[in-house]
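# Observations on chain architecture
Spelled out, the chains give:
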Amino acid sequence: MSEKPEARRLIRSLGTTPHAPVRTFLIADIRGYTRFTEQFGDEASARLSAKFSDLVCEGSELRGGTLIEVRGDEALVVFDSARQAIRAAVDLQNQFVEETRNDPDFPLRVGIGIDSGEAIALENGTFRGAALNVAARLCAIAHGEEVLVSDGTSHLAGRLPGVRYVDRGRVHLKGIEDRVHYVSAVPEEERKSPSRTRLSLPAPKRLGWGVGLGVALIAAATATAVVYLTGGNKPDGAPAATGTELGTTNASRAGVISLMPAGLARSCVKQPVANIAAVETAVCVERARGGTNFTPDRWEVSIYPSGRAVRTAYAAEVARHNFAADQGKCNRLTWGGEGAWSHGPGKPGGRRLCYFDGNDAVIVWTHERLGQPTHRDVLAIAREGGSDHANLTSWWGYAHHLIGKVQ
């Protein structure tokens with residue numbers, strides 16, 4: 001078996017400085033801290049930073065970690081154990097969510113990146129090494145409430161009761177020569193307990209999907225996906241058994257990458273494990289040219305086995321952000337709302353939701369099949385830092401008409 005790039009990187013590290021122990025580095029960063037400071041002032045941001053620092057220090061020490069440095073919205077922690085670092089990260093995310101729920105005026109939406117390797121201890125108490133760079137880059141692409149771990153670190157840690165790894169594929173990280181294979185670490189119960197939120201949204205006229213989208217539909221959608229995945233899922237283009245909700249043509253099994261224009265798809269990698277209830281998921285994190293000169297910092301597309309399944313997934317996203325149906329706008333001037341979009345008069349397409357997540361502008365949308373043979377049921381999420389919703393609006397205006405159609 002050939003060595004993976006991250007394994008080679010770790011082996012090179014182990015062979016160059018034999019007296020340096022392998023450590024695991026955890027870097028955590030508050031999402032939207034700059035925007036929070038601009039909106040609420042230095043005193044509020046200092047309080048948020050102090051709260052963040054206290055939680056990271058306490059949570060890390062409980063797992064044997066040492067808080068090395070806090071710089072306002074970012075913290076660096078070092079562990080002797082990869083297992084304890086991952087456990088600490090999952091514990092911290094649970095704590096951040098709880099604290100945000102209890103005190104929403106001081107939201108702690110935190111991204112965490114973790115990597116392991118040898119590092120040189122400097123006289124000022126900090127460290128220098130490739131592992132810190134990888135951890136920092138993984139932290140930079142992590143969403144709030146997300147823990148991203150290099151594949152090498154997950155192998156060092158091994159199986160952790162109560163924690164599961166979701167393979168996210170490989171990604172080019174700035175300043176890192178080899179593409180890095182990484183996973184997200186999530187609590188085991190997330191697989192067993194998808195959203196329990198109930199939400200009612202207006203229906204597209206051609207489908208009528210009225211009310212009560214809750215846990216029963218999510219369970220049904222998950223069951224449909226499982227039947228599809230275990231009952232004939234084959235490589236792209238290969239025949240597969242037809243299910244009651246999957247359409248009647250083999251084209252309905254087209255892979256998620258084929259549902260994007262080639263210029264956009266160059267930046268995308270199919271995840272080995274799809275998002276909950278989805279058939280396939282692709283994540284795109286590199287800048288690449290599409291129909292415009294701009295592409296978001298990060299976006300993802302998931303193909304679902306039915307219209308019902310994609311509407312359920314979308315309803316869960318809307319419920320997470322407490323948006324009312326058909327309220328607000330998503331344009332260059334106003335960013336915050338939920339509503340339908342169409343390909344043109346009398347040509348419905350799907351629904352879209354836009355909001356600010358700290359300092360990021362985010363848009364979530366569906367592209368539904370609605371009986372059109374070249375269209376598929378997909379849900380996509382695009383995210384751009386710096387609150388740059390103006391450029392995100394322009395990109396989305398081009399992309400959402402194409403993503404979801406067989407190219």
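As the structure is a computational prediction, the values presented were derived from the model and not from experiment.

Calculation rules
Residues numbered from 1 in each chain as written. Predicted model: local features only at pLDDT ≥ 70, side-chain atom pairs only at ≥ 80, totals over all residues. Heavy atoms only, no water. Pairing = 2+ DSSP bridges. Helix = DSSP H or I, 4+ residues; strand = E, 2+ residues; numbered from the N terminus. Axes fitted to C-alpha atoms, helices over the stretch in contact; angles between N-to-C directions. Contact = heavy atoms within 4.5 Å. Parallel < 35°, antiparallel > 145°, perpendicular 65-115°, else oblique. Nonpolar A, V, L, I, M, F, W, Y, C, P; charged D, E, K, R; others polar. Buried < 20%, exposed > 50% of the residue type's maximum accessible area, 1.4 Å probe, protein only. Salt bridge = Lys/Arg side-chain N within 4 Å of Asp/Glu carboxyl O. Polar contact = N/O pair within 3.5 Å; in protein donor to acceptor, adjacent residues only side chain to side chain.

Hydrogen bonds along the backbone pair up the strands of a sheet, which may run parallel or antiparallel. With mixed pairing, 7 strands are arranged side by side in an open sheet as E2-E3-E1-E4-E7-E9-E8. The open sheet has two free edges, formed respectively by strand E2 (66-71) and strand E8 (163-171), since each of these has just one partner strand. If you compare each strand with its neighbour and ignore which way they point, the axes differ by 20° on average. Packed onto the sheet, helix H5 (residues 130-141) meets strand E1 (22-30), strand E3 (74-79), strand E4 (110-118), strand E7 (146-150) and strand E9 (180-187) and runs at close to 160° relative to E4.

So, about the packing of helix H2 (residues 33-40) against helix H3 (residues 42-62). At a minimum axis separation of 7 Å, H2 and H3 run at an interaxial angle of 140°. It follows that H2 is oblique to H3 by the angle criterion. Within the contact between the two elements, H2 uses Tyr-33, Phe-36, Thr-37 and Phe-40 and H3 uses Asp-42, Ala-44, Ser-45, Ala-46, Leu-48 and Ser-49. Residues that form the contact of H2 with H3 fall into these classes: 6 nonpolar, 3 polar and 1 charged.

Not every positive phi belongs to a glycine, and Glu-145 is a case in point at roughly 75°. With respect to the helices and strands, the residue Glu-145 is situated in the loop between H5 and E7. For Glu-145, a relative accessible area of 40% gives the class partly exposed. A positive phi angle, near 50°, is found at Leu-370, a position not held by glycine. Residue Leu-370 is classed as buried on the basis of its relative accessible area of 6%.

The 8 strands are arranged E10-E11-E12-E17-E16-E15-E14-E13 in an open sheet whose pairing can be described as antiparallel. Strands at the two margins of the open sheet, each flanked by one partner only, are strand E10 (268-270) and strand E13 (327-330). Adjacent strand axes in the sheet meet at a mean angle of 25°, parallel and antiparallel pairs treated alike. When E10 meets strand E11 (residues 280-284), the two strands line up antiparallel, connected through 3 bridges. Pairing of Cys-268 across the sheet is with Cys-284, part of E11. Helix H11 (residues 389-399) contacts strand E12 (298-303), E13, strand E14 (335-344), strand E15 (347-357), strand E16 (360-367) and strand E17 (378-384) of the sheet and is inclined by roughly 20° relative to E16.

What follows is about the pattern of salt bridges. All told, the structure shown has 19 salt bridges when counted by the stated rule. In this structure, Arg-31 engages Asp-29 in a salt bridge whose closest nitrogen and oxygen atoms are separated by 2.6 Å. Across the pair, Asp-29 and Arg-31 agree in class, each one buried. For Glu-145, the salt bridge goes to Arg-109, with nearest N and O atoms at 2.9 Å. Taken as a pair, Glu-145 in the loop between H5 and E7 and Arg-109 in the loop between helix H4 (82-102) and E4 lie far apart in primary sequence, 36 residues in all. Linked by salt bridges that have partners in common, Arg-109, Glu-145, Asp-357, Asp-360 and Arg-383 make up one network.

Next up on the list: the environment of Arg-311. Note on placement: Arg-311 falls in helix H10 (residues 307-320). In this structure Arg-311 comes out as buried when scored by relative accessible area, which is 9%. Spatially, the C-alpha atom of Arg-311 lies 7.7 Å from that of Thr-366, the residues being 55 residues apart in sequence. Of the polar contacts made by the side chain of Arg-311, one reaches the side chain of Glu-368; its length is 2.9 Å.

Keep in mind these values describe shape, not function.
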